[in-house]
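Analysis of the macromolecular model
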Amino acid sequence: MSLSTRMAAMPQACSASASPRTSTSRKGRFGGLMAGLLMLGTLAGCTTAATGGAYLLPQTTQTAAQRSVAADAPLLEVMPVQLASYLEGGSLVYQTDDITLVQASQNLWADDLQDMLTRQLLNQLKASPAQPLSQYRIADTSLSGLKGARLSVSLDRFIGRHDGQSVITGRWRLRGVDGSVLEEGDIQTLTPLTDDGYPALVNSLGEGWRVTGEQLAREIAKALPATADAS
C-alpha cells in the first residue's frame, strides 16, 4: 500500500476525551519530551493541515564494504524481522500509560518497517568484527536452497513510551545447520529521547536498533561454530 493511501485510510479522532494522558507523577525533562510527542499525535488527528510526516530509520555509520569472505565460507541466513501485528500498520506507535498504545494517524514509516529493520540488521552483522561471525557469509532468505545457520528475530515492542524513552523488546533464536537451537535470548533496549516530537522518537528508535544489532552480533558470535567446524 502506498504512503498516500495509508495516510488517507488512517482514522481521524478529534475530541477532548481522545487526548492522550500523561502521568502527573512524572517529573523532569523526559516527561516534558513525551508530553510534546503526545501533543503532536493529538494535533495530527485533529487538523487538515500537513502536520504529519513520513520517516525512515536513520542509517547506521557502519559499512560492510571492506568485508571479504571466502566463497565457500559457512552461511548465516537472517530471516525477516517479525513484528507484532499492531506494528505492521505503517504508523509510529507510542505508549501513553501502562496499558494503552496509540498509533499515530499522520506520522508514518516511509518504507516498510520490517524491511528497514531487516536491512539494517543484515548490514550490522556483516560489518561486525566479532569472530567467527566475521568469517561467515551473511545473507537474507533470498539465497534459497543453501543450507546454513539461521537467525530469527521477533519484536513485540518498537515504540515510544510515556516516560520519554523508546522501547525495543522481543526475542532472538540462532539455529545450527541441522536445525538445532544453538542459542536464544531476549531483546530489551531502552533509549532516551533527546528532544520533543516524532523526529526525536525516530532517532531514538534508530539508535536503539543500532545498539540491539551490536548486542546480537556479540551474542551470535559466541554461539556460532568456528568456521572450520561449520564448513
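Keep in mind it's a predicted model, so treat the numbers as computed, not measured. (Residues numbered from 1 in each chain as written. Predicted model: local features only at pLDDT ≥ 70, side-chain atom pairs only at ≥ 80, totals over all residues. Heavy atoms only, no water.)

**So, helix α3 (residues 113-127)**
Stated precisely, the cut-off is as follows: Only DSSP runs of H or I with at least four residues qualify as helices, and only runs of E with at least two residues qualify as strands; both kinds are numbered from the N terminus onward. To estimate the expected span of a helix, subtract one from its residue number and multiply by 1.5 Å. Each residue gets one of three labels from its accessible area relative to the maximum for its type: buried under 20%, exposed over 50%, partly exposed in between, using a 1.4 Å probe on protein chains only. Counting of polar contacts relies on pairs of N or O atoms within 3.5 Å, with two restrictions inside protein: one atom must be capable of donating a hydrogen and the other of accepting it, and residues adjacent in sequence are counted only when both atoms are side-chain atoms.
With 15 residues, α3 should cover 21 Å at 1.5 Å per step; its first-to-last C-alpha distance of 21 Å lies within 8% of that length. Those residues of α3 that sit buried are Leu113, Met116, Leu117, Thr118, Gln120, Leu121, Leu122, Gln124, Leu125 and Ala127. Sitting at the head of α3, Asp112 places a side-chain oxygen 3.2 Å from the backbone nitrogen of Gln114.

**Section: the confidence of the model for the protein chain**
Quick reminder of the rule: On a range of 0 to 100, pLDDT expresses the predictor's confidence in each residue. For this analysis, residues touch if any pair of their heavy atoms sits within 4.5 Å.
Taken residue by residue, the protein chain gives an average pLDDT of 80. The fraction at 70 or more is 72%. Note on residues 1-30: pLDDT is under 50 here. Beyond four places in sequence and across chains, it has 42 contacts.

**Things to note about the side chain of Thr212**
Tracing the backbone shows Thr212 in helix α4 (residues 198-223). Setting aside residues no more than four positions away along its own chain, Thr212 makes contact with Ile168, Ile187 and Thr189.

**Section: the side chain of Gln165**
Looking at the element boundaries, Gln165 is found in strand β8 (residues 165-175). In this structure Gln165 comes out as buried when scored by relative accessible area, which is 17%. Within the structure, Gln165 has its side chain in polar contact with the side chain of Asp163 (distance 3.2 Å). Residues contacting Gln165, with those up to four places away along its chain left out, are Ile159, Gly160, Leu190, Thr191, Pro192 and Leu193.

**Concerning the pattern of salt bridges**
Worth spelling out the cut-off: Salt bridges, as used here, are contacts in which a Lys or Arg side-chain nitrogen is within 4 Å of a carboxyl oxygen on Asp or Glu.
In the structure shown here, the tally under the stated rule is nine salt bridges. Asp111 is the salt-bridge partner of Arg119, the closest N and O atoms lying 2.9 Å from each other. What makes Asp111 partly exposed here is its relative accessible area of 28%. With its nearest N and O atoms 2.5 Å apart, the salt bridge here joins Arg210 to Glu207. Of this pair, Arg210 and Glu207 both sit in helix α4, three residues apart, roughly one helical turn. Classification of Glu207 as partly exposed rests on a relative accessible area of 32%. Linked through salt bridges whose partners overlap, the residues forming this network are Arg171, Arg173, Glu184 and Asp186.

**Let's talk about unusual backbone geometry**
Omega for the peptide link from Gln131 to Pro132 comes to 0 degrees, which places this bond in the cis form. With respect to the element layout, Pro132 can be found in the loop between α3 and β6 (137-140).

**As for the nonpolar core**
Considering soluble globular proteins, one finds that nonpolar side chains tend to be buried as a cluster. Rules: Take the buried Ala, Val, Leu, Ile, Met, Phe, Trp, Tyr and Cys residues and link them wherever side-chain atoms come within 4.5 Å; each set so joined is a nonpolar core.
One finds Trp109, Val153, Leu155, Phe158 and Ile220 to be the most contacted residues of the largest nonpolar core, which totals 47 residues. Among the elements of the structure, β2 (75-78), β4 (91-95), β5 (101-109), α3, β7 (149-161), β8 and α4 are those that each provide at least two residues to this core. Looking at this core element by element, the count peaks at 11 residues for α4. The residues contacting Leu155, other than those within four sequence positions of it, are Val81, Gln82, Leu83, Ala84, Leu87, Leu117, Ile168, Thr169, Gly170, Ile187 and Trp209.

**Focus: the pairing of β7**
Here is the rule we go by: Note: two strands are recorded as paired if DSSP finds a minimum of 2 bridges between them.
Relative to β7, β2 runs parallel, the two sharing three bridges. Directly across from Val78, in β7, lies its bridge partner Leu151. When strand β3 (residues 82-83) meets β7, the two strands line up parallel, connected through two bridges. Bridge pairing in β7 links Leu83 to Leu155. Bridging between β4 and β7 involves two bridges; their strand directions are parallel. The residue bridging Gln95 from the neighbouring strand is Arg161, located in β7.

**What to know about the pairing of strand β9 (residues 181-192)**
In terms of strand pairing, β8 meets β9 through 11 bridges, oriented antiparallel. Opposite Arg171, over in β9, you have Asp186 as the bridge partner. Between β8 and the antiparallel strand that follows it, β9, lie five residues; Gly179 among them carries a positive phi value of about 90 degrees.

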